[in-house]
Amino acid sequence: MVSKKGGAGLAAAVGAVVLLGAGSAQAATAPGQEPAAGPATLAKTDVGQALNGTTAGLGYGVAPIKSLRLDPWANSSADVLNNGATVKPDQGLAPVGTGTLTGPLSAGGGVKDLPLVGGLSGVLPG
């Protein structure tokens, strides 16, 4: 019986041998030929492409955070945020309650579903 650990270890060992073998083959020079002398120079960086790649990568990294479920007990009987409190002031003013703030969270929403922060999360890429 072959274990899965042995197969993964064998694949890692083969990969290491291939990489080490390729590295030593590149470092070797032909007999009688001298290696190139002088200082090494770096290629110029294209700033536009670097920023484009960074922005694209940041979008893929931030998008799941914006929709991440903040209340782990949402839509369950143990949800603490499902219970709200409402205060009805005197003199005919409209009632004020906590359901406006906790409602999106107890429904399983993320940062993008919050009343004030949700609009600001639209500025982030993704």
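Residues numbered from 1 in each chain as written. Predicted model: local features only at pLDDT ≥ 70, side-chain atom pairs only at ≥ 80, totals over all residues. Heavy atoms only, no water.

*Asks:* Where do I start with the overall build of the protein chain in this structure?
*Replies:* Looking only at helices and strands, the protein chain features four helices and two strands. When the helices and strands of the protein chain are placed in sequence order, the string is α-α-β-β-α-α. Across the 126 residues that make up the protein chain, the buried fraction comes to 11%. Contacts spanning at least 24 positions in sequence make up 61% of the contacts within the protein chain whose residues lie at least 6 apart. A total accessible area of about 10200 Å² is found for the protein chain, and carbon and sulfur atoms account for 66% of it. (Helix = DSSP H or I, 4+ residues; strand = E, 2+ residues; numbered from the N terminus. Buried < 20%, exposed > 50% of the residue type's maximum accessible area, 1.4 Å probe, protein only. Contact = heavy atoms within 4.5 Å. Areas by Shrake-Rupley, 256 points an atom, 1.4 Å probe, with all protein chains shown as cover.)

*Asks:* I would appreciate a short explanation of helix α3 (residues 99-106) in the present structure.
*Replies:* It helps to recall that an α-helix has 3.6 residues per turn; residues three or four apart then point in one direction. Those residues of α3 lying buried are T102, L105 and S106. Take α3 and look down its axis: the buried residues cluster within an arc of 90°, on one side only. The first or second residue beyond α3 is G108, which carries a positive phi of 95°. (Arc of directions from axis to C-beta.)

*Asks:* Even after reading the chapter, I still don't get the side chain of T102, so can you show me in this structure?
*Replies:* Mapped onto the fold, T102 is located in helix α3. In this structure the side chain of T102 is engaged in a polar contact, spanning 2.9 Å, whose partner is the backbone oxygen of T98. (Polar contact = N/O pair within 3.5 Å; in protein donor to acceptor, adjacent residues only side chain to side chain.)

*Asks:* Is there a simple way to explain the confidence of the model for the protein chain in this structure?
*Replies:* Detailed reading of the predicted coordinates is not advisable wherever pLDDT is low. Taken residue by residue, the protein chain gives an average pLDDT of 76. The fraction at 70 or more is 73%. No element of the protein chain has a lower mean pLDDT than helix α1 (residues 4-27), at 61, and none a higher one than strand β1 (residues 86-87), at 90. (pLDDT = per-residue confidence, 0-100.)

*Asks:* Sorry if this is basic, but what is going on with the environment of P89 here?
*Replies:* Examined against the element boundaries, P89 turns out to sit in the loop between β1 and β2 (96-97). If near-sequence neighbours (up to four positions away) are discounted, P89 is found in contact with A94 and P95.

*Asks:* What am I meant to see in unusual backbone geometry here?
*Replies:* Trans is the prevailing form of peptide bonds, just as negative phi is the prevailing case for residues other than glycine. Phi is positive for N75, which is not a glycine, with a value near 60°. Summarising the element assignment, N75 is placed in the loop between α2 (47-66) and β1. Phi at Q91 is positive, roughly 65°, even though this residue is not glycine. Mapped onto the elements of the fold, Q91 is located in the loop between β1 and β2.

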